[in-house]
Amino acid sequence: MNAASCNGCDIEIVAALTPRYDVERFGIKLVGTPRHADVLLVTGPVNTQMADRVRRIYEQTPGPKAVLICGLICGNCGSSSGVYYDSYCIQGPFDEFIKKVDPDAIIVYVPGCPVRPEAIIMGVVEAWKALEKMRGEA
Amino acid sequence: MMAKAPPYPLMIGPIHPALKEPTMFKFTLEGERVIDVDLQPGFNHRGIEYLGMKRNPLQVLHLAERVCGICSGAHQFVFARVVEHAADIVSTERADYLRVLVAELERIHSHLLWAGVAGHELGFDSILYYTWKVREDVQDILELICGNRVNYSYYIFGGVRRDVTPEAVEKARKILQGYRKLEDTVLNVFLTDPTIAHRTRDVGTLTYDNAIKLCACGPLTRSAGVKKDVRFSQPHAAYGDMMGDFKAVIPSDYGYPNKGDVFSQIVVRLFEVFESVRMCDWILDNLPGGPITSEPNLSALLMAKLRMAEGEAVARVEAPRGEDIHYVRLKKGKMELDSWKVRVPTYGNIMSWLTMFKGAQIADIPIIIASIDPCIGCMDRVTIIDSETGRERDVHVDEIKSMARRAERGWK
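(A) Structural view of the pairing of strand 8 (residues 339-343) of chain B. Residues and elements named next belong to chain B. The buried fraction of strand 8 amounts to four of the five residues, a majority that puts the element mostly inside the structure. Note that strand 7 (residues 322-330) and strand 8 share five bridges and pair antiparallel. Residue pairing in the sheet places Ile 325 in a bridge with Arg 343 of strand 8.

(B) Up close: the environment of Cys89(A). Along the chain, Cys89(A) falls in the loop between helix 4 (75-80) and helix 5 (94-101). Since its relative accessible area comes to 6%, Cys89(A) is described here as buried. Distance from Cys89(A) to Glu12(A), taken between C-alpha atoms, is 25 Å for residues 77 residues apart in sequence. Not counting the four nearest positions on each side in its chain, Cys89(A) is found in contact with Val46(A), Asn47(A), Thr48(A), His45(B), Arg46(B) and Gly47(B).

(C) Spatial organisation of unusual backbone geometry. Here Cys113(A) and Pro114(A) are connected by a cis peptide whose omega angle stands at -5 degrees. Residue placement: Pro114(A) occurs in the loop between strand 3 (106-110) and helix 6 (117-137). Located in the positive-phi region is Asp22(A), a residue other than glycine, with phi close to 45 degrees. Here Asp22(A) is to be found in the loop between helix 1 (8-17) and strand 1 (39-43). Given the relative accessible area of 27%, Asp22(A) is considered partly exposed. Its identity as a non-glycine residue notwithstanding, Asp373(B) has a phi of 60 degrees, on the positive side.

(D) Quick look at the packing of helix 5 (residues 125-146) of chain B against helix 6 (residues 166-191) of chain B. Residue and element names in this part refer to chain B. Helix 6 packs onto helix 5 with a crossing angle of 160 degrees between their chain directions and a minimal axis gap of 10 Å. Here helix 6 runs roughly antiparallel to helix 5, going by the angle between their axes. In terms of crossing hand, the pair formed by helix 5 and helix 6 is left-handed. Within the contact between the two elements, helix 5 uses Ile 127, Tyr 130, Thr 131, Val 134, Arg 135, Asp 137, Val 138, Asp 140, Ile 141 and Leu 144 and helix 6 uses Ala 168, Lys 171, Ala 172, Ile 175, Leu 176, Tyr 179, Leu 182, Thr 185, Val 186, Val 189 and Phe 190. Among the residues making up the contact of helix 5 with helix 6, the classes are represented as 15 nonpolar, two polar and four charged.

The rules behind these values
- Residues numbered from 1 in each chain as written.
- Chains lettered and ligands numbered in written order.
- Predicted model: local features only at pLDDT ≥ 70, side-chain atom pairs only at ≥ 80, totals over all residues.
- Heavy atoms only, no water.
- Buried < 20%, exposed > 50% of the residue type's maximum accessible area, 1.4 Å probe, protein only.
- Helix = DSSP H or I, 4+ residues; strand = E, 2+ residues; numbered from the N terminus.
- Pairing = 2+ DSSP bridges.
- Contact = heavy atoms within 4.5 Å.
- Axes fitted to C-alpha atoms, helices over the stretch in contact; angles between N-to-C directions.
- Parallel < 35°, antiparallel > 145°, perpendicular 65-115°, else oblique.
- Left-handed = near helix turned anticlockwise from the far one by under 90°.
- Nonpolar A, V, L, I, M, F, W, Y, C, P; charged D, E, K, R; others polar.

If you want it as structure tokens, here you go:
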């Protein structure tokens, strides 16, 4: 999901899907709707226009929420709003924004501006570990 | 209950699988046919020009490349140039060549990226995977030269930030050689395939007259036969030196009609990829010696030159998507930019959608959207917010004009 990002991370996500990095060999697949998703990949800070849409997309991703949803945050925008931190229209950073919506959200950070495809794969592995840990405790 | 009579409305966006970025289209349909379209942008607005006026030029250099992650180099290139014009800084000859080298490498990556996305929108995913595999090689050169794959941070006022090493040149040459070998294969895949021809010929047509009337720019306008390319019509940096060997790509020069449809755009972008490959080779062959920047001391550059500069300037650069124009005003003694305006290529191109969509089928909407290579992240920059109610509203151009006239006279 693109929450007002600059496209830098978005093209690296596509690069991760294509032959050089090929995340499908690890069972990671891009789906067309949040209702089919297990992991939500978010890029960009959250701006005023997108805030409500981001919340709705997060809520559309199927539950049980505490187990299945990972807010996988891409790039520095998600954790600190990056270069846009003091803009008038930024509601983020995304992690603070989503904790207001769901305090139990599993959040995995993938830092970088933009992130590298290898880092995205690493982020998915981290999300996987977080899910396994949660299942073990449940 | 009776079904509603045509025309039917259809909303696409702001988040939709056919869109790379959040924006919203309101289509009016009659059966399968599009009869009208309206665009509601603003979902990707980040207030970049406002932020630019709170930071000093060296900081804005990094903000400028984050206007858009795909043509980040072009934005930094034009911002470096506009501040150089306003503050009377000149770049060195070697830097001019390296600047063009990175700009052309970026064009290769951007056009290949577009070709893949276009294939995906046509439902032809093998092409997406093929072109993106090919594209990774140019990303390797960019990483080798600039140190990063996407946001390069390569340009700086007075020159470039890093020099190329002989090893990097050697490796870049090898990869460019690989692209030359692939030329026939790539052109064959796109230009002779019956599926692509069926889905793109006479789809989303922009006529020569409309291209001029609607001020379209970049590969879109060249596909309609308009020779509009800032690299050659207003040569900057090293482009002036290579004028004789290269020219703007229009389809009729390569034996294809200048129709302005999606197929012509594929033709323009693919031939531009290989034109850029030859340009990069030319630059590596003719790279002059000397320093890579006219002012290596950054604090001296900032304190002595930029802070003390007074003046305004406009500069333009041919980004992969078209003409990118920046305007900057600097005030003496003021660290921050006094004013900054960015006019991105997509802003010039969106109006073309209005005519391109007329009469199109619903199934062709994704490819027509993708065909102009839109960069919403670049474009979304104007929102009017009523300070009393805090709500956004549409403002008619006459109202803005009258507000401007009143403000100029000091009225409220």
